[in-house]
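One-letter residues, chain by chain:
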Amino acid sequence: MSEYKTLYLSRKDSVAVALAEIPANTSVVVKSDLEELVVAILEPIRFGHKFAVKAIKEGEDIIKYGEVIGAASAFIPAGAHVHVHNLEGKRGRGDKIAE
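Rules used throughout
- Residues numbered from 1 in each chain as written.
- Predicted model: local features only at pLDDT ≥ 70, side-chain atom pairs only at ≥ 80, totals over all residues.
- Heavy atoms only, no water.
- Helix = DSSP H or I, 4+ residues; strand = E, 2+ residues; numbered from the N terminus.
- Buried < 20%, exposed > 50% of the residue type's maximum accessible area, 1.4 Å probe, protein only.
- Contact = heavy atoms within 4.5 Å.
- Areas by Shrake-Rupley, 256 points an atom, 1.4 Å probe, with all protein chains shown as cover.
- Polar contact = N/O pair within 3.5 Å; in protein donor to acceptor, adjacent residues only side chain to side chain.
- Pairing = 2+ DSSP bridges.
- Axes fitted to C-alpha atoms, helices over the stretch in contact; angles between N-to-C directions.

Looking at an unreviewed UniProt entry, one finds the chain named Altronate hydrolase and attributed to Peribacillus simplex.

Here is the structure:
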């Protein structure tokens, strides 16, 4: 198994952050204090970018560092890159009125 550094702080997190470039078709181990997961990376992940550590349904909250950072705008399989193409932010939106 390849040893790539990642940042995964909470069991609640649905994403981890790559601390190095991770090529596609690589298995990585993500660890928090209480959990260790093996994730098969589906596409290249650039340094500092997020990848799903578990499947995320369309509309489901995306959690990073134990906090909701947005919602999935499409189904995101485990190991996929998570970025603006499949994540809709929920914070600081001026175009949506709170109900």
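More follows now that the structure is in view.
A. Just the overall build of the chain, in detail. Looking only at helices and strands, the chain features 0 helices and 9 strands. In sequence order, the secondary structure elements of the chain are arranged as β-β-β-β-β-β-β-β-β. Every one of the 99 residues in the chain was classed for burial, and the buried ones make up 36%. In the chain, 48% of the contacts between residues at least 6 apart in sequence involve partners at least 24 apart. Here the chain has roughly 6100 Å² of accessible surface; of this, 52% comes from carbon and sulfur atoms.

B. Up close: the side chain of His-81. When you line up the elements, His-81 lands in strand E8 (residues 81–82). Reaching out from His-81, the side chain makes a polar contact with the side chain of His-49 at a distance of 2.8 Å. Setting aside anything within four residues of it in sequence, one finds His-81 in contact with Glu-43, Ile-45, His-49, Lys-50, Phe-51 and Asn-86.

C. Geometry of the sheet that holds E8. With antiparallel pairing, 4 strands are arranged side by side in an open sheet as E1-E2-E5-E8. Where the open sheet ends on each side, the last strands, each with one partner, are strand E1 (6–7) and E8. In terms of strand pairing, strand E5 (residues 50–52) meets E8 through 2 bridges, oriented antiparallel. Its bridge partner being in E8, Phe-51 is matched across the sheet by His-81.

D. Summary view of the sheet that holds strand E9 (residues 87–89). Read across the sheet, 3 strands follow the order E6-E7-E9 without closing on themselves; strand pairing throughout is antiparallel. Two strands in the sheet have a free side with no partner beyond their single neighbour: strand E6 (61–64) and E9. Averaged over all neighbouring strand pairs, the angle between strand axes comes to 45 degrees, with direction disregarded. Inspection of the sheet shows strand E7 (residues 67–72) paired to E9 by 3 bridges, in the antiparallel sense. The residue bridging Ala-71 from the neighbouring strand is Glu-88, located in E9.

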